[in-house]
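Residue-level structural notes
Now for the letters of each chain:
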Amino acid sequence: MSIKILVENRHTAFVENRYKETMTNQIRKIREMSGKTQAEAAAVLDITTENYNRLETGKTQLTLSKIEKLAEFFHRQPAELIASHGNVRTVRVRQHVQAGEWAESLLWHEDDCYDVIVPNDPEFQNVMLYGAETRGPSMNKRYAEGSAVFTPA
């Protein structure tokens, strides 16, 4: 059993539908607590207020660069925009997995590894998660090349 990714290609965020509501509610809550308007947040992201509203309602995907810009604007850590404090965890991506054809997967050099923040799903709360980055085209087109996927170790 694997959980869906939170990062694609290290630059764009993808959130499984069951986490999307939590994330969008968290962003709205933080914005309101900060006393900021949707128009002000939209200006920071260089998008229209209408497009920002689509981010807060989960109708548009939120990129990592936008998460980082909003976190800086709200004076918060990026993880706080994803879920409430204590409701996220970090998983280390240490190697790749090949899609479409068999290929040996070796652990990367530590300098190439990276951390991904994922929701702390109660189903996996007491389980060590293992992260790998996909390479090659996915047969079911579910995961773009470079997506990080996680599975219980």
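Counting restarts for each chain, with residues numbered from 1 along the sequence as it is written. Two thresholds apply to this predicted model, a pLDDT of at least 70 for residue-level local features and 80 or more for giving and counting side-chain atom pairs, whereas whole-chain, interface and lining totals are computed over all residues. Side-chain numbers come from the whole structure's heavy atoms, not from hydrogens or water.

1. Describing the confidence of the model for the protein
- The predictor reports its confidence for every residue as pLDDT, a score running from 0 up to 100. Here the protein averages 77 in pLDDT, while 78% of its residues score no lower than 70.
- Working rule for contacts: check all heavy atoms of both residues, and any pair within 4.5 Å makes them a contact. Below pLDDT 50 for its whole length, residues 1–15 participates in 67 contacts with residues either more than four positions away or in separate chains.

2. Re helix α4 (residues 64–74)
- Partly exposed residues are those whose accessible area sits between 20% and 50% of the maximum for their type, while under 20% is buried and over 50% is exposed, using a 1.4 Å probe and protein chains only. Each helix is a run of DSSP H or I of at least 4 residues and each strand a run of E of at least 2, with the numbering of both proceeding from the N terminus. Listed as buried for α4 are I67, L70, A71, F73 and F74. Buried residues of α4, seen end-on, are gathered within an arc of 160 degrees and therefore sit on one face of the element. In this description, one arc is meant: the one made by directions from the helix axis to the C-beta atoms.

3. With respect to the packing of aromatic side chains
- Classification of ring pairs uses Phe, Tyr and Trp, with its six-membered ring standing for Trp, and accepts pairs whose centres are within 6.5 Å; under 30 degrees between planes counts as stacked, over 60 as edge-to-face, and the remaining range as tilted. Under the counting rule described, the total for this entry stands at 2 aromatic pairs.
- Between the aromatic rings of F73 and F74, the centroid separation amounts to 5.2 Å while the plane-to-plane angle is 55 degrees, which identifies the pairing as tilted.
- The class of F73 is buried, set by a relative accessible area of 18%.
- With a centroid separation of 6.2 Å and an interplanar angle of 25 degrees, the aromatic rings of W108 and Y114 are classed as stacked. One exposure class covers both W108 and Y114, and it is buried.

4. Looking at the environment of S147
- Relative to the assigned elements, S147 resides in the loop between β5 (129–135) and β6 (148–152).
- The spatial distance from the C-alpha of S147 to the C-alpha of E133 is 5.4 Å, given a sequence separation of 14 residues.

5. A few points about the sheet that holds strand β3 (residues 88–98)
- Strands are labelled as partners when DSSP assigns at least two bridges between them. The 4 strands lie next to each other as β4-β3-β5-β6, forming an open sheet whose pairing is mixed. Looking along the sheet, the strands with just one partner apiece sit at the ends: β4 (114–119) and β6. Taken over all neighbouring pairs, the strand axes of this sheet differ in orientation by 45 degrees on average, direction set aside.
- Taken together, the 5 bridges between β3 and β5 define a ladder with parallel strand orientation. Note on geometry: axes are lines fitted to C-alpha atoms, helical ones only across the stretch in contact, with angles between N-to-C directions running from 0 to 180 degrees.

6. Some details on the pattern of salt bridges
- In what follows, salt bridge is the name for a side-chain nitrogen of Lys or Arg lying within 4 Å of a carboxyl oxygen of Asp or Glu. Summed over all chains, the structure comprises 6 salt bridges.
- With a closest N to O distance of 2.5 Å, R31 and E56 form a salt bridge. Of this pair, R31 sits in helix α1 (residues 17–33) while E56 sits in helix α3 (residues 49–56), and the two are 25 residues apart along the sequence. Each member of the pair, R31 as well as E56, is classed as buried.

7. Some points on helix α2 (residues 38–45)
- Those residues of α2 not exposed but buried are Q38, A41, A42 and L45. Buried positions in α2, seen along its axis, are confined to an arc of 100 degrees and lie on one side of it.
- D46, located one to two residues past α2, shows a positive phi value of around 60 degrees.

8. As for unusual backbone geometry
- Despite not being glycine, D46 shows a phi value in the positive range, around 60 degrees.
- As for its position among the elements, D46 is in the loop between α2 and α3.
- Although it is not a glycine, H75 adopts a positive phi angle of roughly 55 degrees.
- Mapped onto the elements of the fold, H75 is located in the loop between α4 and α5 (78–82).
- Its relative accessible area of 72% is what places H75 among the exposed residues.

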